[in-house]
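Overview (structure and organization)
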Amino acid sequence: MMLKKLMTGIFIILLFSIVNLACTFNHSNSSTMNAIAKLTKAPFGSIEGQEITQYTLTNVNGMQLGIINYGGALTKIITKAKDSSWGDVLTGFDSLSGFTQKANPYFGAIIGRYANRIAKGKYKVDGIEYHAALNNNGQSLHGGLKGFDKVVWTATPLAGDSSLQLNYISKDGEEGYPGNLKIQVVYTLTANNSIKIEYTATTDKTTVINLTNHSYFNLSAGKSPTIYDHILQMNANQYTPVDTVLIPTGEILDVKGTPMDFTQPKRIGDDIDKVQGGYDHNWILNKAAGLQEVTNVYDPLSGRVLTVATTEPGLQFYSGNFLDGSLTHTKNGINYIKHGALTLETQHYPDAPNQSKFQSTILKPGEVYTQTTVYTFSTK
Ligand code: BGC
């Protein structure tokens with residue numbers, strides 16, 4: 001009798017312990033997920049005597065984000081497809097030589113001081129004319145000859161192992177821009193498979209600023225050579241048309257009834273031939289100030305979905321028109337061909353310093369520039 005009671009007691013205590021353990025495990029899984037994030041470092045070569053490091057962030061689900069301090073570029077985004085297989089959805093290179101090649105079309109990089117184009121590189125700030133370096137058909141593109149994509153950033157892993165902070169000081173006059181500009185970019189890989197990019201900057205002289213990230217995505221992770229079958233939806237009723245050298249004409253046009261209409265989900269390949277060269281335009285996002293979801297792209301082959309939220313008023317959807325298979329040192333030797341990947345660059349409008357109808361891109365001393373963009377990966 002005594003023995004039976006003792007056994008029952010032990011059984012009850014054991015049961016309690018198991019239930020307790022399960023609860024603790026569940027709790028730590030949901031509320032302290034970032035604590036299980038991982039950050040590793042590996043050498044990635046050197047440039048002009050400066051060491052380049054690849055940082056890999058891994059979240060609780062196993063998703064991986066690679067970042068190098070050269071250009072603050074993203075090097076890999078490894079996510080799960082619907083069939084649970086893993087794949088890298090980001091175009092990129094297998095070594096630093098890939099990133100430093102002249103024809104590198106800004107793969108994964110931070111873009112500044114002025115993302116997109118400034119007509120003939122000329123603009124005025126406080127009545128003074130400045131000349132940004134010309135590097136694209138007589139125009140200034142993505143910050144000039146040596147933009148933020150070609151400089152070495154100072155990288156600092158942040159507590160919790162899910163964020164990497166990058167800092168760079170752009171000197172007064174660099175690439176034709178006034179003011180010493182202090183820039184900080186924080187990349188965070190969250191437990192719900194988002195890559196959050198937070199930019200802040202301050203200046204000591206009035207300047208212009210437009211920062212973005214130039215990641216190219218192909219959600220099939222190497223299975224489809226083009227993005228024609230990707231389905232894109234954008235909350236944008238208008239766009240800014242461009243001239244032959246891709247400078248905005250200053251007009252703001254409705255997308256309705258044109259190949260630019262992605263207000264309803266549309267296969268990218270459906271109308272791409274109707275747009276000279278493919279898509280390379282700035283869409284005006286239907287949004288109020290603040291962080292808001294603005295676009296999503298779905299790859300039916302892998303089931304992957306990429307959703308973009310941003311604080312910015314514009315989005316450059318570029319369908320990789322100038323990719324031509326000639327890049328070297330590509331990941332796994334992949335041939336990045338025309339329309340092989342797309343970019344969704346959140347930004348202020350191109351050439352805003354010369355366009356009175358576009359939102360201002362002026363930053364004054366004492367002000368803090370901020371922009372936040374979140375790329376979230378899921379499947380359906
Ligand atoms: C621009 C394209 C340019 C590309 C460079 C995009 O952001 O809109 O016109 O060719 O960057 O890779």
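For the structure, see preceding data.
Since the structure is predicted, the reported quantities are computational estimates derived from the model, not experimental observations.

On to the packing of aromatic side chains, then. All chains considered together, the criterion is met by 22 aromatic pairs. On the numbers, 5.8 Å between centres and 25 degrees between planes, the contact of Tyr 123 with Tyr 130 is stacked. With relative accessibility at 1%, the residue Tyr 123 sits in the buried group. Geometrically, the ring pair formed by Phe 148 and Tyr 168 is edge-to-face, given 5.6 Å between the ring centres and 65 degrees between the ring planes. Placement of Phe 148 in the loop between β10 (140-141) and β11 (154-157) and of Tyr 168 in strand β12 (residues 163-170) is noted, with a sequence separation of 20 residues between them.

Reading across from one edge, β17-β26-β25-β22-β19-β20 is the order of the six strands in this open sheet, with antiparallel pairing throughout. For this open sheet the edge positions go to β17 (216-217) and β20 (253-254), each flanked by a neighbour on one side alone. When strand β22 (residues 280-284) meets strand β25 (residues 314-318), the two strands line up antiparallel, connected through five bridges. Residue Trp 283 lies in a different strand from β25, and its bridge partner there is Leu 315.

This part covers the sheet that holds strand β5 (residues 86-88). Hydrogen bonds along the backbone pair up the strands of a sheet, which may run parallel or antiparallel. Within the open sheet, the five strands sit side by side as β1-β2-β3-β4-β5. Their pairing is antiparallel. Across the chains shown, the open sheet's two edge strands, defined by having one partner strand only, are β1 (38-47) and β5. Going from strand to strand, the sheet's axes swing by 15 degrees on average, the running direction of each strand aside.

Bringing the site of the ligand into the picture now. Around the ligand lies a shell formed by Pro 105, Tyr 106, Arg 117, His 142, His 214, Tyr 216, Leu 246, Asp 280, Gln 316, Tyr 318, Phe 322 and Glu 345. With respect to the ligand, the side chain of Tyr 216 contributes an N or O atom lying 2.8 Å from an oxygen atom. When isolated, the ligand has an accessible area of 310 Å², and the protein chains bury 95% of it.

Rules used throughout
Residues numbered from 1 in each chain as written. Predicted model: local features only at pLDDT ≥ 70, side-chain atom pairs only at ≥ 80, totals over all residues. Heavy atoms only, no water. Phe/Tyr/Trp six-rings, centres within 6.5 Å; stacked < 30°, edge-to-face > 60°. Buried < 20%, exposed > 50% of the residue type's maximum accessible area, 1.4 Å probe, protein only. Helix = DSSP H or I, 4+ residues; strand = E, 2+ residues; numbered from the N terminus. Pairing = 2+ DSSP bridges. Axes fitted to C-alpha atoms, helices over the stretch in contact; angles between N-to-C directions. Near = heavy atom within 4 Å. Polar contact = N/O pair within 3.5 Å; in protein donor to acceptor, adjacent residues only side chain to side chain. Areas by Shrake-Rupley, 256 points an atom, 1.4 Å probe, with all protein chains shown as cover.

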